[in-house]
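# Inside the fold
Read off the chains here:
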Amino acid sequence: MDEAAQNGDQLRNKLVRVSAEYEGMPGDIARGRELARRFLARVRAAQGSPVSDRATDLVQLVVSELLTNACKYAPGPSLVDLELAEDRVEVTVWDSDPVLPVAETADPGRIGRHGLEIVMAVCQSFEVHREPVGKRMRAAVRLADA
């Protein structure tokens, strides 16, 4: 195997992750979506991983919904981590509110408050854990369409 191929294999095997902190300011949600867009573009280019357009849209949606909840309900900063894990991206959002979110029952007549319901519908997995301060929500989105 030539040196370029070995370097490419090493790059593909490296952990790909990005993190950002947000303060609950106007524009944070748009900045979170942009973080996701740039991260997935880097995954496509550097890792050679298949990333469908649908996955790109879904990751941005998940970041947007989880960060919206953090900005709306938690005082103070929030953290967003995006990490490549095999065939998926794991989106993790930490915020300072220790109250765990609960998805409401489906109600097409309800205006608003569908974010968690949407996240749970589009993700491969979703979990929430209390932390010593606040909570951590993690959602996994598959990179390639089935």
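Okay, so let's go over this structure. (Residues numbered from 1 in each chain as written. Predicted model: local features only at pLDDT ≥ 70, side-chain atom pairs only at ≥ 80, totals over all residues. Heavy atoms only, no water.)

## Looking at the pairing of strand β1 (residues 17-22)
Here β1 shows one buried face, formed by Val18, Ala20 and Tyr22, and one open face, formed by Arg17, Ser19 and Glu21. As paired elements, β1 and strand β2 (residues 78-85) share 6 bridges and run antiparallel to each other. Along β2, the bridge assignment pairs Tyr22 with Ser78. (Buried < 20%, exposed > 50% of the residue type's maximum accessible area, 1.4 Å probe, protein only. Helix = DSSP H or I, 4+ residues; strand = E, 2+ residues; numbered from the N terminus. Pairing = 2+ DSSP bridges.)

## Regarding the layout of surface pockets
It is a probe the size of a water molecule, rolled over the atoms, that shows where empty space is left. What the largest pocket holds in volume is close to 420 Å³. In terms of lining residues, the largest pocket is bounded by 22 residues, among which Asn69, Tyr73, Pro101, Val102 and Leu116 are the most central. Breaking the lining of the largest pocket down by element, the ones donating at least two residues are α3 (53-73), α4 (115-122) and β5 (135-142). Take the lining of the largest pocket: its biggest share by element is 6 residues, from α3. (1 Å grid on protein atoms, 1.4 Å probe; cavity = no way out; pocket = protein on both sides within 12 Å on 5 of 7 lines; lining within 4 Å. Points joined across faces, edges and corners; volume = space filled by probe spheres on them.)

## Regarding the side chain of Arg88
Residue placement: Arg88 occurs in strand β3 (residues 88-95). There is a polar contact of 3.4 Å between the side chain of Arg88 and the side chain of Glu90. Contact partners of Arg88, with chain neighbours within four places excluded, come to Glu83, Gln124, Ala140, Val141, Arg142 and Leu143. (Polar contact = N/O pair within 3.5 Å; in protein donor to acceptor, adjacent residues only side chain to side chain. Contact = heavy atoms within 4.5 Å.)

## Brief notes about unusual backbone geometry
At Glu86, a position not held by glycine, the phi torsion is positive, near 55°. Examined against the element boundaries, Glu86 turns out to sit in the loop between β2 and β3.

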